[in-house]
Amino acid sequence: GSDGGGMTSGDLSSVRAICFDLDNTFWDVMPVIERAEQAMYDFLALRYPRVTAAMTVEMLRKARQETAQAYPQMAHDFTFLRRQTLADHAREFGYAEAMADEAFEAFIQARNEVVLYEDVLPGLERLKPHFRLFTASNGNADLKRIGLAHYFERSLGARDVGALKPDPLLFHKVIEGTGLTPQQVVYVGDDPALDVVGARAAGMHPVWINRDELEWSAEFGEPVHTVRTLHELGTLLGLRS
């Protein structure tokens, strides 16, 4: 595979572990969120129809954004923001607080019905015998529900540590107590601002997974190791086919 021309920085021979982002790294997240919001809306229409009589999906989405602005200290916890928004709607339309739990469950169930990119399972199978595997995500996907948890030694989300990438905290917490140093870890993600910049600041080796063959932008600093698939990642890390 190609390493993106001259896009290399850092010697990867000391790498013992790989930490992955989830959304847009293992699956395309936008259609998942849209389906999940629709599933939540359909549930509300069935069980709590006063909400959907007054509000469209788009209005619910806007309310969720307003909640995020109202609770800046909770920006790292998308689950809190969504439940809080639903609790506000329950009060507003004269329903019991249980509505928030039930509607969130409808959302999160669909949120975890992801379609993996086709290289993900074979890629994890190929990598697992050779590297310790971790995940660190800003989002609230649940790898147990998705059926991927067994590949990973530890999986952390922003809500577990109280900070969002690119803050170094999430990167450092995921390997805390493992005996690994950041220099022994590659961090693989799709978002230059969150994943590459964050991993670099945390002392890990960033690998940009660029599935859509986008241009690297100089605003994110020096170009980094770049792959399009987990197969190319294995090759970059020295695995034979």
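Criteria and cut-off values
- Residues numbered from 1 in each chain as written.
- Predicted model: local features only at pLDDT ≥ 70, side-chain atom pairs only at ≥ 80, totals over all residues.
- Heavy atoms only, no water.
- Axes fitted to C-alpha atoms, helices over the stretch in contact; angles between N-to-C directions.
- Helix = DSSP H or I, 4+ residues; strand = E, 2+ residues; numbered from the N terminus.
- Parallel < 35°, antiparallel > 145°, perpendicular 65-115°, else oblique.
- Left-handed = near helix turned anticlockwise from the far one by under 90°.
- Contact = heavy atoms within 4.5 Å.
- Nonpolar A, V, L, I, M, F, W, Y, C, P; charged D, E, K, R; others polar.
- Salt bridge = Lys/Arg side-chain N within 4 Å of Asp/Glu carboxyl O.
- Buried < 20%, exposed > 50% of the residue type's maximum accessible area, 1.4 Å probe, protein only.
- Core = buried A, V, L, I, M, F, W, Y, C linked by side-chain atoms within 4.5 Å.
- Expected span 1.5 Å × (residues − 1).
- pLDDT = per-residue confidence, 0-100.

### Some details on the packing of helix 1 (residues 29–47) against helix 3 (residues 57–70)
Thought 1: Two numbers describe how helix 1 lies on helix 3: the axes approach to 10 Å, and their chain directions differ by 110°. Looking at the two axes, helix 1 sits roughly perpendicular to helix 3. Classified by chirality, the crossing of helix 3 by helix 1 is right-handed. Listed contacts from helix 3 to Glu37, Gln38, Met40, Tyr41 and Leu44 of helix 1 are Val57, Leu60 and Arg61.
Thought 2: Partitioned by chemical class, the residues of the contact of helix 1 with helix 3 number five nonpolar, one polar and two charged.

### Some remarks on the pattern of salt bridges
Thought 1: Under the definition given, this model contains 18 salt bridges.
Thought 2: Its salt-bridge partner being Arg211, residue Asp119 comes within 2.8 Å of it at the nearest N-O pair. Of this pair, Asp119 sits in the loop between helix 5 (98–111) and helix 6 (120–127) while Arg211 sits in the loop between strand 5 (205–209) and strand 6 (225–227), placing them 92 residues apart in sequence. Exposure class is identical for Asp119 and Arg211. Each is buried.
Thought 3: In this structure, Arg228 engages Glu232 in a salt bridge whose closest nitrogen and oxygen atoms are separated by 2.5 Å.
Thought 4: Accessibility expressed as a relative area gives 36% for Arg228, which makes it partly exposed.
Thought 5: Within this structure, Glu37, Glu58, Arg61 and Arg82 form a network of salt bridges that share partners.

### A few points about the nonpolar core
Thought 1: Grouped together as the largest cluster of nonpolar side chains are 55 residues, with contacts concentrated most on Ile18, Phe20, Phe26, Trp27 and Leu124.
Thought 2: Other than its neighbours up to four places away in sequence, Phe26 contacts Phe20, Asp21, Val115, Leu116, Tyr117, Val120, Leu124, Leu148, Phe152 and Leu230.
Thought 3: Counting residues in each nonpolar core, the second largest holds 17 residues, with Ala136, Leu170, Phe171 and Val185 among its members.

### Looking at the packing of helix 1 against helix 5
Thought 1: Axis separation between helix 1 and helix 5 bottoms out at 8 Å; the angle between their running directions is 145°. Relative to helix 5, helix 1 is oriented so that their crossing is right-handed. Within the contact between the two elements, helix 1 uses Val29, Val32, Ile33, Arg35, Ala36, Glu37, Ala39, Met40, Phe43, Leu44 and Arg47 and helix 5 uses Met99, Glu102, Ala103, Ala106, Phe107, Ala110 and Arg111.
Thought 2: Within the contact of helix 1 with helix 5, the residues separate by chemical class into 13 nonpolar, no polar and five charged.

### Some remarks on helix 3
Thought 1: Under the 1.5 Å per step criterion, the end-to-end length of helix 3 is 20 Å for 14 residues, consistent within 8% with the ideal 20 Å.
Thought 2: Where helix 3 is buried, its residues contact helix 1, helix 2 (49–54) and helix 4 (78–92).

### A closer look at unusual backbone geometry
Thought 1: In this chain, Lys165 is followed by Pro166 through a cis amide linkage whose omega measures 10°.
Thought 2: Topologically, Pro166 is positioned in the loop between helix 8 (158–161) and helix 9 (168–174).
Thought 3: We note that Asn24 has phi near 70°; this positive angle belongs to a residue other than glycine.
Thought 4: As for its placement among the helices and strands, Asn24 is situated in the loop between strand 1 (17–20) and helix 1.
Thought 5: Judged by relative accessible area, Asn24 falls into the partly exposed class, the value being 27%.
Thought 6: Even without being glycine, Glu213 reaches a positive phi, approximately 50°.

### So, the confidence of the model for the chain
Thought 1: Averaged over every residue, the pLDDT of the chain is 95; residues scoring 70 or more account for 96%.
Thought 2: Here residues 1–8 is modelled with pLDDT under 50, and outside its nearest four sequence neighbours on either side it reaches eleven contacts, counting other chains as well.

### Side note on the environment of Ala110
Thought 1: Along the chain, Ala110 turns up in helix 5.
Thought 2: Sequence spacing of Ala110 and Asp11 is 99 residues, and the spatial spacing of their C-alpha atoms is 40 Å.
Thought 3: Sequence-distant contacts of Ala110, defined by excluding residues within four places in its chain, comprise Val32, Arg35, Ala36 and Ala39.

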